Every structure is written in structure tokens, then in C-alpha cells.
Amino acid sequence: MAPQGEVKVLGAWPSPFVMRPRIALNLKSVEYEYVEENLGNKSELQLKSDPAYRKIPVLIHGDKPVSESLVIVQYIDEAWKHSTSILPSDPYDRAMARFWAAYVDDKMFPTMRGIVAADEGEAKAAAVALFKEGISLLEDAVVKMSKGKKFFGGDEIGYVDIAFGCYISWFKVTEIVSNVKLFDESATPHLVAWIHSFSSHPAVKDVMPETDKLMEFVKNVMFPRMRTAAAAK
């Protein structure tokens, strides 16, 4: 177990990406200091730790900064080997985990944002249909990868669980804002069960944003920014 203060995570609470290293550290029972960043006025530590992208999250282990959320998760898995691995040991299973994690970021997150941005009517329906196509693929993936267990990683939370699960609160907010249902127990029963298991896991529940708090952030911060950006075009 790492000594107190040796590990820091720089982040912002609404960010789904910041959840990823925090969950990974919790799974490994690594003590760390969480530093909340002001994204409108980033700290010198944040800018110095990630001069390339200037993004959160950043993990600082000793004096070594690591950036990009899934890169950080892989680093945590390799740096702290004293507990269950986050990535599978089998080369093929490891490749599949990385594939589906990339799929989530490349396809599901942009599609979710597309639902919120779409106009009502046909455009909204098309965006929801596209999202549900991806969800159907992930329903098949969780059945295959979990082998009848609770998580994509089997008995314990794994790499795909962390990559996908960090969006759960944002999925709920999207449902409320857009007045749509993204997860249907009749169509994706395994994913619905997985959402409950993941959200209630001890490594997750204290770092997952509350839906109501996230809704306030969307109304008071994100929507005004979107309106300002639209007016500037």
C-alpha cells in the first residue's frame, strides 16, 4: 500500500474520466490525495504535470506524472500488483478489453453527446437509435466477457467496467435532459444488472457523481456554455 501523500489525482468531480483512476486506486486499496482542480483557472501543478494536453485527470506518483485516464488505469494496474489485476492476464482477453474500452470512448460517449445536442423529432430519434445499436453490442460483450459473473471483468471490476462505468451518471442525466430511456431491461437485461452492481461497488459508489448534483452542473454550467458557443457561430 502506498504511503499517504505519495499518490495524487488531479481532477474535477463532474468528469467521468477522473473517476477511472480513482476507481482503479480504490480497487488496489492504494491511499491517495484527491486534488480538485478549477478548470477555468488551472493550477500550476496541473499545467506542469500535463504540458502536452493540459487536461484532467493526472496521476502523480512520487514526482512522476501520468496523463490520460486509461493510460493511468494501466499504469496503476502495473505499478501495484499486490491485488487482483484490472486487465486480464490472457493476451486475447487483454486485447478484447482494450478494444471495448476504446469502443466506449470512440463511439458511445460521442453518441451520448449527440443525443443531447440533437433537435427533437427525427434527429433525436436517429441519435437514440445509434446509441442503442452500440448498447446492443455491449450487451453481447458483457455476456461473453463476464462468463455469467457480475462484471465485464468477471467476479471483480475490470478494465472495461472502469472505462464504461464512468459514464453511468452522465447516461442518467442524458435520459432526464433528453426525455429518453437509454437502457431497457427487456432489451439489455445484463447491462441493467451490471449498472446496479457497478454503481453499488465499494470502489465506485463514493466517487460517482450524484445525478441531481450533475444535473445542476449541466443546467448552470454546461447549457450556458453551449448557448454562448451557439451564439458565437
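See the structure above.
Since the structure is predicted, the reported quantities are computational estimates derived from the model, not experimental observations.

> Help me get a handle on the pattern of salt bridges, residues and values and all.
Overall, the coordinates contain four salt bridges when judged by the stated rule. Of the charged contacts in the structure, one is a salt bridge between Arg20 and Asp105, with a shortest N-O distance of 2.7 Å. Taken together, the residues Arg20 in helix 1 (residues 16-27) and Asp105 in helix 4 (residues 91-117) connect sequence positions 85 residues apart. Here Glu120 and Lys124 are joined by a salt bridge, their closest N and O atoms 3.9 Å apart.

> Give a detailed account of the side chain of Asp77, specifying residues and quantitative values.
Tracing the sequence through the fold places Asp77 in helix 3 (residues 69-79). For Asp77, a relative accessible area of 6% gives the class buried. Of the polar contacts made by the side chain of Asp77, one reaches the side chain of Lys28; its length is 3.0 Å.

> I'd like to hear about the environment of Ala141, residue by residue, with values.
Its location among the elements puts Ala141 in helix 5 (residues 122-146). Overall, Ala141 belongs to the buried group, its relative accessible area being 4%. Distance from Ala141 to Ile86, taken between C-alpha atoms, is 17 Å for residues 55 residues apart in sequence.

> Report on helix 4, specifying residues and quantitative values.
Over its 27 residues, helix 4 runs 39 Å from end to end, which matches the ideal 39 Å to within 8%, given 1.5 Å per residue. The sharpest bend along helix 4 measures roughly 30 degrees and falls at Val104. Listed as buried for helix 4 are Ala97, Trp100, Ala101, Tyr103, Val104, Met108, Phe109, Thr111, Met112 and Ile115. Looking at the buried side of helix 4, the elements it contacts are helix 1, helix 3, helix 5, helix 6 (159-165) and helix 7 (168-178).

> Can you break down the sheet that holds strand 2 (residues 33-36) residue by residue, with the values?
If you trace the four strands from one edge of the open sheet to the other, you get 2-1-3-4, paired in mixed fashion. Looking at which strands have only one partner, the edges of the open sheet turn out to be strand 2 and strand 4 (64-67). Strand-to-strand twist of the sheet, defined as the mean angle between neighbouring strand axes without regard to direction, takes the value 20 degrees. As paired elements, strand 1 (residues 7-11) and strand 2 share four bridges and run parallel to each other. The partner of Leu10 across the bridge, within strand 2, is Val35. In this fold helix 1 packs onto strand 1, strand 2 and strand 3 (58-61), with an angle of close to 155 degrees to the strand it touches most, strand 1. Contacting strand 3 and strand 4, helix 3 runs over the sheet at an angle of about 130 degrees to strand 4.

> Provide a residue-level description of the packing of aromatic side chains, including the pertinent values.
Ring pairs (aromatic) are described by centroid distance and by the angle formed between their planes. With the rule as written, the count across this model stands at 17 aromatic pairs. Between Tyr75 and Trp80, the ring centres sit 6.4 Å apart and the planes meet at 90 degrees, which makes this aromatic pair edge-to-face. Judged by relative accessible area, which is 7%, Trp80 ranks as buried. Ring centres 6.1 Å apart and planes at 90 degrees place the aromatic pair Phe131 and Phe183 in the edge-to-face group. Note that Phe131 is positioned in helix 5 and Phe183 in the loop between helix 7 and helix 8 (189-199), a separation of 52 residues in sequence. Given a relative accessible area of 0%, Phe131 falls into the buried group. Three or more aromatic residues link up through ring pairs in this structure, and these residues are Phe17, Phe109, Phe131, Phe152, Phe164, Tyr167, Phe171, Phe183, Trp194 and Phe198.

> If you had to explain the packing of helix 4 against helix 7 to someone new, which residues and values would you point to?
The geometry of helix 4 relative to helix 7 is characterised by a closest axis approach of 9 Å and an angle of 20 degrees between their N-to-C directions. It follows from the interaxial angle that helix 4 and helix 7 lie roughly parallel. Crossing handedness for the pair helix 4 and helix 7: left-handed. Across the interface between the two elements, Met112, Ile115 and Val116 of helix 4 pack against Trp170, Phe171, Thr174, Val177 and Ser178 of helix 7. Along the lines of polarity and charge, the residues of the contact of helix 4 with helix 7 split into six nonpolar, two polar and no charged.

> Tell me about helix 3, and name the residues and values.
Here helix 3 has its buried residues at Ser69, Leu70, Ile72, Val73, Gln74, Ile76 and Asp77. In this structure, the buried side of helix 3 is in contact with helix 1, strand 3, strand 4, helix 4 and helix 6.

The rules behind these values
- Residues numbered from 1 in each chain as written.
- Predicted model: local features only at pLDDT ≥ 70, side-chain atom pairs only at ≥ 80, totals over all residues.
- Heavy atoms only, no water.
- Salt bridge = Lys/Arg side-chain N within 4 Å of Asp/Glu carboxyl O.
- Helix = DSSP H or I, 4+ residues; strand = E, 2+ residues; numbered from the N terminus.
- Buried < 20%, exposed > 50% of the residue type's maximum accessible area, 1.4 Å probe, protein only.
- Polar contact = N/O pair within 3.5 Å; in protein donor to acceptor, adjacent residues only side chain to side chain.
- Expected span 1.5 Å × (residues − 1).
- Bend = angle between axes of the 7 residues up to and from the residue.
- Contact = heavy atoms within 4.5 Å.
- Pairing = 2+ DSSP bridges.
- Axes fitted to C-alpha atoms, helices over the stretch in contact; angles between N-to-C directions.
- Phe/Tyr/Trp six-rings, centres within 6.5 Å; stacked < 30°, edge-to-face > 60°.
- Parallel < 35°, antiparallel > 145°, perpendicular 65-115°, else oblique.
- Left-handed = near helix turned anticlockwise from the far one by under 90°.
- Nonpolar A, V, L, I, M, F, W, Y, C, P; charged D, E, K, R; others polar.

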